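Topology and contacts: notes
Chain by chain, the residues:
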Amino acid sequence: ICCQSINSANVLGASSMTADDAVPQPVVLIDQDSDRDATIVQLSFGDRLGALLDTMKALKDLGLDVTKGSVATDSSVTQTKFHIMRLGRKVEDPDMLETIRLTIINNLLQYHPESSEKLAMGEFFGIKAPEKKVDVDVATHVIVQDDGPKRSMLYIETADRPGLLLEVIKIITDVNVDVESAEIDTEGLVAKDKFHVSYRGAKLNSSLSQVCWLIVCAIT
């Protein structure tokens, strides 16, 4: 379902790309479903990431415990994964989840400033975007579907920006919909977020699904 489109910049034109210009797409994924006790944070930026001790330190500076870390290479992509907890539990607070996401992206921009041209956050964090840019049309997609007998899944794909996660969760909870878990995926310029939601212990009916669809479209 495409409800609107947003013009975004900051991507190099393919026709002008050379070997030196070939910047991989950064991906930051926050996964709340795969581990019952911990929040999983996964980061990849082509083959340019190593052990990322600096990212681990940034997470610890937020008062988080990194219980496990791993680095794996799949083809030409290096994926770094952290299992993090706060006070012995997975991170549930939306404000902290957004802080984690922005901290990781800010850290990526500091150590890999070339990633700025592939991230919507590049200019928000004060990093100058490259001169060679082309406009890209980032369409907003909002989908609400059943996710088992007792909950629904709200999928949002839109242009990334700071505070998007908090805005979405706030408007959902304002209509008394419970957010049980979420997967927050930042892929370059685009945010791809999944929210597992319910209403009074049951999946959303068609009317409430339509309300969620409309209000999410309105802010994205």
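Everything numeric here is computed off the predicted structure, so don't read it as measured data. (Residues numbered from 1 in each chain as written. Predicted model: local features only at pLDDT ≥ 70, side-chain atom pairs only at ≥ 80, totals over all residues. Heavy atoms only, no water.)

1. Remarks on unusual backbone geometry
- One non-glycine residue, Asn176, lies in the positive phi region at around 65°.
- Within the fold, Asn176 resides in the loop between helix H4 (164-174) and strand E8 (178-187).
- Here Arg200, not a glycine, exhibits a phi torsion of approximately 55°, which is positive.
- Relative to the elements of secondary structure, Arg200 occurs in the loop between strand E9 (190-198) and helix H5 (206-219).
- For Arg200, a relative accessible area of 73% gives the class exposed. (Helix = DSSP H or I, 4+ residues; strand = E, 2+ residues; numbered from the N terminus. Buried < 20%, exposed > 50% of the residue type's maximum accessible area, 1.4 Å probe, protein only.)

2. Some details on the pattern of salt bridges
- As enumerated under the stated definition, the model contains ten salt bridges in all.
- Close ionic contact of Asp146 with Lys203 constitutes a salt bridge, the shortest N to O distance being 3.2 Å. Of this pair, Asp146 sits in strand E6 (residues 134-146) while Lys203 sits in the loop between E9 and H5; the two residues are 57 residues apart in sequence, bridging distant segments of the chain.
- For Arg151, the salt bridge identified is with Asp147, shortest N-O distance 2.9 Å.
- Through salt bridges with shared partners, a single ionic network connects Glu98, Arg101 and Asp160. (Salt bridge = Lys/Arg side-chain N within 4 Å of Asp/Glu carboxyl O.)

3. Things to note about H5
- Between the first and last C-alpha of H5 there are 21 Å, a value that for 14 residues agrees with the 20 Å anticipated at 1.5 Å per step.
- Within H5 the residues assigned to the buried category are Leu208, Ser209, Cys212, Trp213, Val216 and Cys217. The buried residues of H5 occupy one face: seen down the axis, they fall within an arc of 165°. For H5, the exposed residues set more than 90 degrees away from the buried face come down to Ser207 and Ala218.
- Sitting at the amino-terminal end of H5 is Asn205, which places a side-chain oxygen 3.2 Å from the backbone nitrogen of Ser207. (Expected span 1.5 Å × (residues − 1). Arc of directions from axis to C-beta. Polar contact = N/O pair within 3.5 Å; in protein donor to acceptor, adjacent residues only side chain to side chain.)

4. What to know about the pairing of E9
- Where burial is concerned, most of E9 is hidden: seven out of the nine residues are buried.
- Judged from the eight bridges that link them, strand E7 (residues 152-159) and E9 form a sheet pairing that is antiparallel. Bridging from a neighbouring strand, Thr158 pairs with Ala191 of E9.
- Pairing analysis gives nine bridges linking E8 to E9, with the strands arranged antiparallel. (Pairing = 2+ DSSP bridges.)

5. A closer look at helix H1 (residues 53-61)
- Restricting attention to buried positions, one finds in H1 the residues Thr55, Ala58 and Leu59. Projected down its long axis, H1 shows its buried positions confined to an angular sector of 100°, all on one face. Among the exposed residues of H1, those oriented more than 90 degrees off its buried face are Leu53, Lys57 and Asp61.
- Contact partners of the buried residues in H1: strand E3 (39-44), strand E4 (65-74), strand E5 (77-85) and helix H2 (94-111). (Contact = heavy atoms within 4.5 Å.)

6. Looking at the nonpolar core
- Counting residues in each nonpolar core, the largest one holds 41 residues, and the members touching the most others are Leu59, Ile84, Ile100 and Phe195.
- No other element matches the seven residues that H2 contributes to this core.
- Two domains each put at least three residues into this core: domain 1 (27-118) and domain 2 (141-218).
- Sequence-distant contacts of Ile100, that is, excluding residues within four places in its chain, are made with Ile30, Val41, Leu59, Leu62, Leu64, Ile84 and Val91. (Core = buried A, V, L, I, M, F, W, Y, C linked by side-chain atoms within 4.5 Å. Domains from an automatic or database assignment.)

7. Remarks on the pairing of E5
- Pairing of E3 with E5, which is carried by six bridges, proceeds in the antiparallel orientation. Its bridge partner being in E5, Val41 is matched across the sheet by Phe82.
- Where E4 lies against E5, nine bridges are found, and the strand directions are antiparallel. By the bridge assignment for E5, Thr73 is matched with Thr78.
- Following E4, the chain reverses through two residues before pairing antiparallel with E5; Ser75 in that reversal takes a positive phi of roughly 60°.

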